[in-house]
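So you can see what is in the structure, the chains are spelled out below.
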Amino acid sequence: MAHIKTSKGFLEYTSHHLNFGNKVMDKEIMLDNLKILSIYLDKIDINWGPAFGTLIGVVRNDDFQSWKPAFDIYILKEDEERFKDILWLLLETGFELVRHERRGLYYLKRDDEYIKVFVLHKISSDVRHTGGSDFIHEKYLQNTVKWNFKGVLLNVPENVDEYLSFQYGNDWTIPRQTVFYSTNSIVRLWSDMKTWVYDHLPDNLYYSWLLLHRQKDFRRFKKRCEIAGIPLPENVQLANMKPRKYKKILTVGVYDLLHKGHVELFRRAKGLGDYLIVAAQDGDFILKYKPEAKVLNSTEDRKYMIKSIRYVDEVITYTDVDAIVQEIDFDVFVTGPDQCHEGFQRAVKICEERGCEHIVLGRTDGVSSSELKAKIVAKTKMN
């Protein structure tokens, strides 16, 4: 029995070696699956949409590609933890998780139809990577429009013609099958054996093998960029394929009124690595730039309370978020969905340039500092 780690605990599943052979998609069932999945993905407000050949079918034919046995979608790496949390809910609707690959790929199954979920890692501020052979420029993921596909709203690149022409050539509008699955029993046995080996390789060997192959893919992508006149940063690295054995996590905030939501944040952040650093913003700095701010506890008192939480390994003080991400050593920067002002945008860009991951964790429902302060004010007035 395989498992993946989520904020709700370990989700166990039976891992399958998938070889689709001559399977043909049942479009009616797949559309039903897609409608259910879209409800849950849209509920957590993450960026997702059709990927690669599936995108071609959606845009060119307003249909599923008849020869594809699965529907491909993408999500962003910073949304992966929230995606893993909704897997528990999808199980209740009949979905199964039937395969997960360390490079960043999930296979979901419902009524014998499959959806592949590609996790896109940032390897620079401009480029993302599937962990497989595909790379995609960030602008095609951030500058999107809603495409009504048979009643399901999907994110597709605003300049979708430009993207598909770059990715597949100017003749992408001509239907042709590019992926084939063998029905030969010997070929399938060999494929199953290779998959088993990859699944059981220790991380150091798995990522070394993956890096070797992906560097070749990246050289091809770079060549296409040169032909198209698209510059790439000099420091692009496949950082997600060089995991550190001892992973440090950084998260930042004020943490004036500690509550369940903060503890849950620290618990989930610690689960992403081995060592959690929490940075509490300096009270004098806050009041200097926001004199109207009502910070009830001193910086040292807030740090003392944070340090008492068992998930936290180290507590530091910071002023500007874009400064602290340059001053300390870490691997993953964890933020909340509301931490998105200009300072955080600069901090995220710095993380990208350093090859650090950025992950957004959703809020704990039903609790927030502002709500607590409002309740305190209301109770004080009543008394």
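Since the structure is predicted, the reported quantities are computational estimates derived from the model, not experimental observations.

Each value, and the rule that gives it
Residues numbered from 1 in each chain as written. Predicted model: local features only at pLDDT ≥ 70, side-chain atom pairs only at ≥ 80, totals over all residues. Heavy atoms only, no water. Salt bridge = Lys/Arg side-chain N within 4 Å of Asp/Glu carboxyl O. Helix = DSSP H or I, 4+ residues; strand = E, 2+ residues; numbered from the N terminus. Buried < 20%, exposed > 50% of the residue type's maximum accessible area, 1.4 Å probe, protein only. Disulfide = S-S within 2.5 Å. Patch = residues over 30% accessible without salt bridge, like charges linked within 9 Å, V, L, I, M, F, W, Y side chains within 5 Å. Areas by Shrake-Rupley, 256 points an atom, 1.4 Å probe, with all protein chains shown as cover. 1 Å grid on protein atoms, 1.4 Å probe; cavity = no way out; pocket = protein on both sides within 12 Å on 5 of 7 lines; lining within 4 Å. Points joined across faces, edges and corners; volume = space filled by probe spheres on them.

1. Here's the deal with the pattern of salt bridges
Okay, step 1: Taken as a whole, this structure holds 25 salt bridges when the rule is applied.
Okay, step 2: With a shortest N-O distance of 3.2 Å, Glu-113 and Lys-23 are connected by a salt bridge. Of this pair, Glu-113 sits in strand β7 (residues 113–122) while Lys-23 sits in the loop between β2 (9–13) and α1 (27–43), and the two are 90 residues apart along the sequence.
Okay, step 3: Its relative accessible area of 4% is what places Glu-113 among the buried residues.
Okay, step 4: Note that Lys-270 and Asp-313 form a salt bridge whose closest N and O atoms lie 3.2 Å from each other. Of this pair, Lys-270 sits in helix α8 (residues 260–270) while Asp-313 is found in the loop between α10 (299–307) and β14 (314–318), placing the two residues 43 residues apart along the sequence.

2. Here's the deal with the state of the cysteines
Linking two cysteines covalently via their sulfur atoms produces the bond known as a disulfide.
Okay, step 1: Under the counting rule described, the total for this entry stands at 0 disulfides.
Okay, step 2: In this structure Cys-351 is a free cysteine whose sulfur lies 5.5 Å from that of Cys-356, the closest cysteine sulfur available.

3. Details of a nonpolar patch on the surface
Okay, step 1: Residues Leu-189, Trp-190 and Met-193 make up a contiguous nonpolar surface patch of roughly 350 Å² in combined accessible area.
Okay, step 2: Assignment of secondary structure puts Trp-190 in helix α6 (residues 185–200).

4. Notes on unusual backbone geometry
Okay, step 1: Positive phi outside glycine occurs at Asp-111, with the angle close to 50°.
Okay, step 2: For Asp-112, which is not glycine, the phi dihedral falls at a positive 65°.
Okay, step 3: With respect to the helices and strands, the residue Asp-112 is situated in the loop between β6 (105–110) and β7.

5. Focus on empty space enclosed by the protein
Okay, step 1: Inspection of the entire model under this criterion finds 4 cavities of 30 Å³ or more.
Okay, step 2: Approximately 90 Å³ is the volume attributed to the largest cavity.
Okay, step 3: What lines the largest cavity is a set of 14 residues, among which Pro-50, Ala-51, Tyr-74, Ile-136 and Leu-141 lie closest to the centre.
Okay, step 4: For the lining of the largest cavity, the elements supplying multiple residues, two or more each, are α4 (139–142) and β11 (152–157).
Okay, step 5: Per-element tally for the lining of the largest cavity: the top contributor is β11, with 3 residues.
Okay, step 6: As a volume, the second largest cavity reaches approximately 40 Å³.

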